[in-house]
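What the coordinates show
Take a look at the letters that make up each chain.
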Amino acid sequence: MNSGRCAACKYLRRRCPRDCIFSPYFPPTNPHRFSCVHRIFGASNVGKMLQQLPVELRGEAAETLYYEAQCRMENPVYGCVGIITQLHQQINEAERELARAQAQIAFHRHASNAHRPLPQQDQLEVEPSAPEAVTDSSWLDQNEFDVSALMSPLDPAWFL
Amino acid sequence: MVGATPCASCKLLRRRCAKDCIFAPYFPPDDPHKFAIVHKIFGASNVSKMLQEIPVQQRGDAVSSLVFEANARSRDPVYGCVGAISYLQNQVSQLQMQLAVAQAEILCFQMQQQQQQQQQDHHHQQPNNIPITTQQMMNQDEKSLLLSTSNFDYNLLQQQYLNFSSTTSNNIVMQDPPKRESLWT
């Protein structure tokens, strides 16, 4: 069944069985996909990981493994963790800017209220409150991933 | 290394721990789980090759990130680290949206102030005023219309924001990570 081999079996130079664990997720049209994943995780580990999952989730797993492998090849020191760290920085920066903007809004509202006559009791309107900042990333700490330890002692030039 | 304790890797792999063992500095014998999880996900051979390709001073960081990724993959076999990336990207998008809304509101206040200032200036002007053009009158009316809505329409602005393509501002990853189900929430 040489002509019908998946990318994995082609790469590994073996026969591609009918129930090959790799073939649905590593088509022969994209050899780079498997070579990437194999280089970082190893074919045996990938096969085991896929086998341990229900069939309907294997596609997603293969995609994320490929994504992680690509990240690791692009950035051999930090891989995906580099992206996570950068996202944390973006979140911190956005929160700071949002706090600044909200302070400015509060200032403007106060200033404009100071110029208006005081409303009657029955004319008071409830102003729409600004959406609260949604920044609960505490789950990362709850899951015992010491991202802060990864961040603090490292050189600022994290990304190659 | 006669008499010395083998590192966690060599203990697990049941081999002699050489003096220049590439794993020894990063996988001490008192933390066997660290190497076990990395070996389970990446394989000792792959980890060894990766470390060899990295300068010595960066290997510690590389091991830390490998351990992090291995733990993430162990806890979430489908999405691994990518689940975290999706979650954080979503947070970034939400914050950027909130920021855009807040900045638009600030702009409205500033325009309102400008209008008030113009009205005050107009009040104090000399009798022979320069006649304003029709276009200026129309602009004035548009501004008044905008500013007359005392309730700031966050919903409308959010919808408009969402209609924009959001790919440009989040181009810190090579491609969009695969969408995840909610094992991380």
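As a reminder, the structure under discussion sits directly above these lines.
Quick look at the structure, then. These figures come from a predicted structure and were not determined experimentally. (Residues numbered from 1 in each chain as written. Chains lettered and ligands numbered in written order. Predicted model: local features only at pLDDT ≥ 70, side-chain atom pairs only at ≥ 80, totals over all residues. Heavy atoms only, no water.)

**Topic: the overall build of chain B**
Secondary structure assignment for chain B yields seven helices and zero strands. Along the chain direction, N to C, the helices and strands of chain B fall in the order α-α-α-α-α-α-α. In chain B, buried positions account for 38% of the 185 residues. The long-range fraction of contacts in chain B, counting pairs at least 24 apart against all pairs at least 6 apart in sequence, stands at 62%. A total accessible area of about 11,300 Å² is found for chain B, and carbon and sulfur atoms account for 52% of it. (Helix = DSSP H or I, 4+ residues; strand = E, 2+ residues; numbered from the N terminus. Buried < 20%, exposed > 50% of the residue type's maximum accessible area, 1.4 Å probe, protein only. Contact = heavy atoms within 4.5 Å. Areas by Shrake-Rupley, 256 points an atom, 1.4 Å probe, with all protein chains shown as cover.)

**Some thoughts on the nonpolar core**
If you look at the biggest cluster of nonpolar residues, it comprises 53 residues, and the most contacted ones within it are A:Phe22, A:Phe26, A:Phe41, B:Phe23, B:Phe27 and B:Phe42. For this core, the secondary structure elements donating two or more residues are α1 (7-12), α2 (31-41), α3 (43-51) and α4 (55-74) of chain A together with α1 (8-13), α2 (32-41), α3 (44-52) and α4 (56-75) of chain B. Aside from chain neighbours lying at most four places away, what touches A:Phe41 is A:Val46, A:Met49, A:Leu65, A:Glu68, A:Ala69, B:Ile41, B:Phe42 and B:Asn46. By size, the runner-up hydrophobic cluster in this structure holds 26 residues, among which are A:Ala94, B:Val92, B:Leu95 and B:Ala102. (Core = buried A, V, L, I, M, F, W, Y, C linked by side-chain atoms within 4.5 Å.)

**Let's talk about the packing of α2(A) against α3(A)**
Residue and element names in this part refer to chain A. The N-to-C vectors of α2 and α3 enclose an angle of 100°; their axes lie 7 Å apart at closest approach. With respect to α3, the element α2 is oriented roughly perpendicular. Here Phe-34, Val-37, His-38 and Phe-41 of α2 come into contact with α3, specifically with Ala-43, Asn-45, Val-46 and Met-49. The residue makeup of the contact of α2 with α3, split by class, is six nonpolar, two polar and no charged. (Axes fitted to C-alpha atoms, helices over the stretch in contact; angles between N-to-C directions. Parallel < 35°, antiparallel > 145°, perpendicular 65-115°, else oblique. Nonpolar A, V, L, I, M, F, W, Y, C, P; charged D, E, K, R; others polar.)

**A closer look at the environment of A:Asn45**
Position of A:Asn45 relative to the elements: it lies in helix α3. Taking relative accessible area as the criterion, A:Asn45 reaches 10% and is therefore assigned buried. In this structure A:Asn45 touches B:His39, B:Lys40, B:Ile41, B:Phe42 and B:Gly43, once residues within four positions along its chain are discounted. Within polar-contact distance, the side chain of A:Asn45 engages the backbone oxygen of A:Phe41 at 2.9 Å. (Polar contact = N/O pair within 3.5 Å; in protein donor to acceptor, adjacent residues only side chain to side chain.)

**Things to note about the environment of B:Val47**
All names here are of chain B. With respect to the helices and strands, the residue Val-47 is situated in helix α3. Measuring from C-alpha to C-alpha, the distance between Val-47 and Ala-62 comes to 9.7 Å, with 15 residues separating the pair along the chain. Leaving out residues up to four positions away in the same chain, Val-47 has contacts with Phe-23, Val-38, Phe-42 and Leu-66.

**Observations regarding the packing of aromatic side chains**
One pair of aromatic rings is described through two measures. These are the centre distance and the angle between the planes. All names here are of chain A. For the structure shown, the criterion picks out eight aromatic pairs over all chains. Considering the side-chain rings of Tyr-11 and Phe-34, the 5.7 Å spacing of their centres and the 70° angle between planes classify their relative orientation as edge-to-face. Here Tyr-11 is found in helix α1, whereas its partner Phe-34 is found in helix α2, with 23 residues between them in sequence. Residue Tyr-11 is classed as partly exposed on the basis of its relative accessible area, which comes to 45%. (Phe/Tyr/Trp six-rings, centres within 6.5 Å; stacked < 30°, edge-to-face > 60°.)

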